[in-house]
Amino acid sequence: MIHLTKLIIGHQSELLRLENTLLSSGNVYALIGRNGIGKSTFIQTVSGIQKALGGEILIESQSISELTPREMAETVSMVDTRFEGVEYLKVKDYLALGRAPFTDAFGRLTKKDWQTVEDVASDLGITHLLEKFTDQISDGERQLCSVGRAFVQETPVILLDEPTAFLDYINRKLLLELLVRLAREKNKCIVLSTHDLDLCLDQSIPFLLAANGEINLHTTLTKEAILLAMS
Amino acid sequence: MKDVSLKWVLICLLCFLPLAMYLHLMSGQIEISFASYFDSFFHFDSHNTNQVLVREFRLPRLFMAMIAGAGLSLSGMFMQTLFKNPLAGPYVLGINSGATLLIALSLLTGVQFFQSNFGLIGTALIGAFAAGLFMMVIAQRLKSQITLLLVGLMFGSFTSAFVSILESLAGAESLKSFTMWSMGSLQQVEFSQLGIILVVFTLGILGSFLLVKPLNMLVIGEKSAAMLGLPIKSVRMLVLLLTALFAGLVTAFCGPIAFVGIAIPNLTRILFQTTNHRYLIMGNCLIGAIFLLLTDAFIQVLEGHLSIPLNALTSIIGAPFVVFLLMRKLR
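Residues numbered from 1 in each chain as written. Chains lettered and ligands numbered in written order. Predicted model: local features only at pLDDT ≥ 70, side-chain atom pairs only at ≥ 80, totals over all residues. Heavy atoms only, no water.

Visitor: What is the right way to read the packing of aromatic side chains from this model?
Guide: Two measures describe an aromatic ring pair: the distance that separates the ring centres and the angle between the ring planes. Residue and element names in this part refer to chain B. Enumeration according to the criterion identifies nine aromatic pairs over all chains in this entry. With 6.1 Å between their ring centres and 35 degrees between their planes, Y91 and F259 make a pair best called tilted. One end of the pair, Y91, is in the loop between α3 (49-82) and α4 (95-109); the other, F259, is in the loop between α11 (232-254) and α12 (260-272), with 168 residues separating them in the sequence. Classification of Y91 as partly exposed rests on a relative accessible area of 37%. Here the aromatic rings of F201 and F246 are separated by 5.8 Å at their centres, their planes lie at 70 degrees, and the arrangement is edge-to-face. Linking F201 in helix α8 (residues 191-210) with F246 in helix α11, this pair joins segments that are 45 residues apart in sequence. Since its relative accessible area comes to 13%, F201 is described here as buried. A relative accessible area of 0% means that F246 is categorised as buried. (Phe/Tyr/Trp six-rings, centres within 6.5 Å; stacked < 30°, edge-to-face > 60°. Helix = DSSP H or I, 4+ residues; strand = E, 2+ residues; numbered from the N terminus. Buried < 20%, exposed > 50% of the residue type's maximum accessible area, 1.4 Å probe, protein only.)

Structure, rendered in structure tokens:
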């Protein structure tokens with residue numbers, strides 16, 4: 001659960017502001033808005049990379065400004081627009097990095113850690129990729145692995161910055177369906193920025209609409225209303 | 001999910017190391033019996049020429065070959081992970097140049113502070129660390145890996161210009177000692193200096209193993225690693241410090257040795273096919289040590305006829321290999 005109060009985001013000058021907004025667990029929220037309006041900044045602010053200009057971010061009723069980097073890593077995980085893959089890094093080891101906040105100083109993985117990796121892999125249907133190198137699988141498969149790593153991290157909140165940008169139509173659809181299903185099954189609060197209006201409307205997920213210097217939460221919206229707001 | 005095959009590669013290398021050490025010891029111009037080696041340690045007789053030879057020349061050279069090979073490879077591995085660039089290394093990114101500049105300053109101007117054993121390591125370390133810090137700042141403003149390498153090369157040219165100026169101002173005696181140093185040699189270390197070198201090296205290795213987890217996380221990029229709770233800024237400083245420690249140590253005592261730091265970490269990665277630094281650290285140490293032992297053994301064999309500078313030979317082998325890497329990765 002994310003609770004945002006009077007949040008103001010931006011780098012030096014204000015980009016967007018939010019009034020009191022509650023994002024609950026078990027849901028996927030689609031953050032939409034035109035290029036450059038501040039979607040990435042919003043994601044980075046909630047993930048703690050970027051400082052908020054004002055207001056407060058509470059995750060599971062804890063202010064993120066009071067969390068240590070490690071506590072933060074146990075609370076929020078993030079999926080980037082694109083994971084390029086790393087030579088000789090196996091998918092299983094990439095997924096296992098999601099356990100980093102929980103392992104000892106040498107990063108040793110317990111049986112339970114590996115079990116988590118295998119469970120997530122089977123949830124996402126990427127078990128057959130585990131022994132492959134991350135630079136030798138397709139873009140779609142790699143993006144699934146990125147999502148997998150976030151789930152291995154077992155955080156209550158998962159943020160995704162345009163995770164579908166480099167995927168084809170079918171993979172976009174599959175990824176979104178998967179996120180909606182996993183959010184419900186695992187009771188996660190998932191926020192993703194995206195331009196895939198149609199797909200989000202198909203899934204009838206709530207929207208965070210960024211327009212005119214504000215972000216507003218809409219549980220239902222028509223395509224026309226969205227397009228009007230973003231014009 | 002155990003990495004059985006990786007352990008076998010390590011064991012093979014571990015078996016090959018003594019063989020390389022043996023070859024290195026036996027490739028000297030004068031034949032020395034095993035008994036002499038044994039005696040030079042346990043019943044040292046300073047009047048026995050062979051034993052003195054062992055103590056003053058063979059053993060320091062043997063250890064320096066291993067330490068220089070392992071140290072440069074490790075420092076290259078650190079840089080490649082830190083900069084996420086397979087072509088990074090202490091030589092291309094100007095770490096050597098930084099150390100060389102300060103060493104030139106001390107050898108050519110003869111500043112007293114720099115003269116002791118500690119001073120020489122310290123000088124090289126400061127130079128290496130400063131250069132590393134500089135490259136780090138530059139790297140954060142750049143997106144392209146190639147641009148970073150070009151900046152490194154420019155930095156190298158820039159410092160070598162200063163070194164040339166210092167050379168032109170220096171007296172004949174100090175100029176000679178600096179020129180000898182800059183050719184790169186494993187023969188400049190004395191038996192009495194080995195202790196301090198081994199201590200510094202061992203500390204560096206211990207430090208490296210403490211950084212296994214951060215290094216493994218850095219592989220997926222600083223931002224992702226930070227999101228996994230890694231304190232990026234302090235990790236960056238620690239990795240840079242270790243890089244400078246190894247590169248500085250080796251450069252101080254052996255002079256600049258090119259290409260080992262860029263070639264060996266790549267060779268290790270290709271051989272081990274992993275990004276797990278627990279194995280990469282051990283692999284780089286072993287392969288680096290073996291490589292320099294064999295290279296130096298070759299130099300020793302030819303020594304009666306011609307003396308090839310170490311730096312020249314590692315360049316002859318290393319440069320084509322780096323070109324091969326370029327063709328393979330960056331096309």
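Visitor: Could you clarify how one ought to interpret the environment of G171 of chain B in this entry?
Guide: Along the chain, the position of G171 of chain B falls in the loop between α6 (145-169) and α7 (172-182). Spatially, the C-alpha atom of G171 of chain B lies 21 Å from that of G184 of chain B, the residues being 13 residues apart in sequence.

Visitor: I would appreciate a short explanation of empty space enclosed by the protein in the present structure.
Guide: Sizing a probe to match a water molecule and rolling it over the atoms shows the empty space that remains. All names here are of chain A. One pass over the full model with this rule turns up one cavity of 30 Å³ or more. A volume near 50 Å³ is recorded for the largest cavity. As for the largest cavity, its lining consists of T81, R82, F83, D139, R142, Q143, P163, F166 and L167. Looking at the lining of the largest cavity, its residues break down into four nonpolar, two polar and three charged. (1 Å grid on protein atoms, 1.4 Å probe; cavity = no way out; pocket = protein on both sides within 12 Å on 5 of 7 lines; lining within 4 Å. Points joined across faces, edges and corners; volume = space filled by probe spheres on them. Nonpolar A, V, L, I, M, F, W, Y, C, P; charged D, E, K, R; others polar.)

Visitor: Which parts of the structure should I look at to understand the nonpolar core?
Guide: Side chains of a nonpolar character, in soluble globular proteins, are inclined to be buried together. Counting 151 residues, the largest nonpolar core has L179 of chain A together with F83, L186, F253 and I257 of chain B as the members making the most contacts within it. If one sorts the elements of this core by residue count, α3 of chain B sits on top with 16 residues. Looking at which domains feed residues into this core, each of domain 1 (1-70 + 173-231) and domain 2 (76-154) of chain A gives three or more. Setting aside residues up to four positions removed in sequence, L186 of chain B forms contacts with P60, R61, M64, A65, A68, C254, I257, L292, D296 and L310 of chain B. (Core = buried A, V, L, I, M, F, W, Y, C linked by side-chain atoms within 4.5 Å. Domains from an automatic or database assignment. Contact = heavy atoms within 4.5 Å.)

Visitor: Whenever I open this one, the pairing of strand β10 (residues 207-211) of chain A confuses me. Can you help?
Guide: A regular strand carries its side chains on alternate faces of the sheet. Residue and element names in this part refer to chain A. Across the five residues of β10, five count as buried, placing the element largely inside the fold. Residues F207, L209 and A211 of β10 are buried on one face, and the alternating residues L208 and A210, pointing to the opposite face, are buried as well. Where strand β4 (residues 28-32) and β10 come together, three bridges link them in parallel fashion. The residue bridging I32 from the neighbouring strand is L209, located in β10. Both β10 and strand β11 (residues 214-218) contribute to a ladder of five bridges, which runs antiparallel. (Pairing = 2+ DSSP bridges.)

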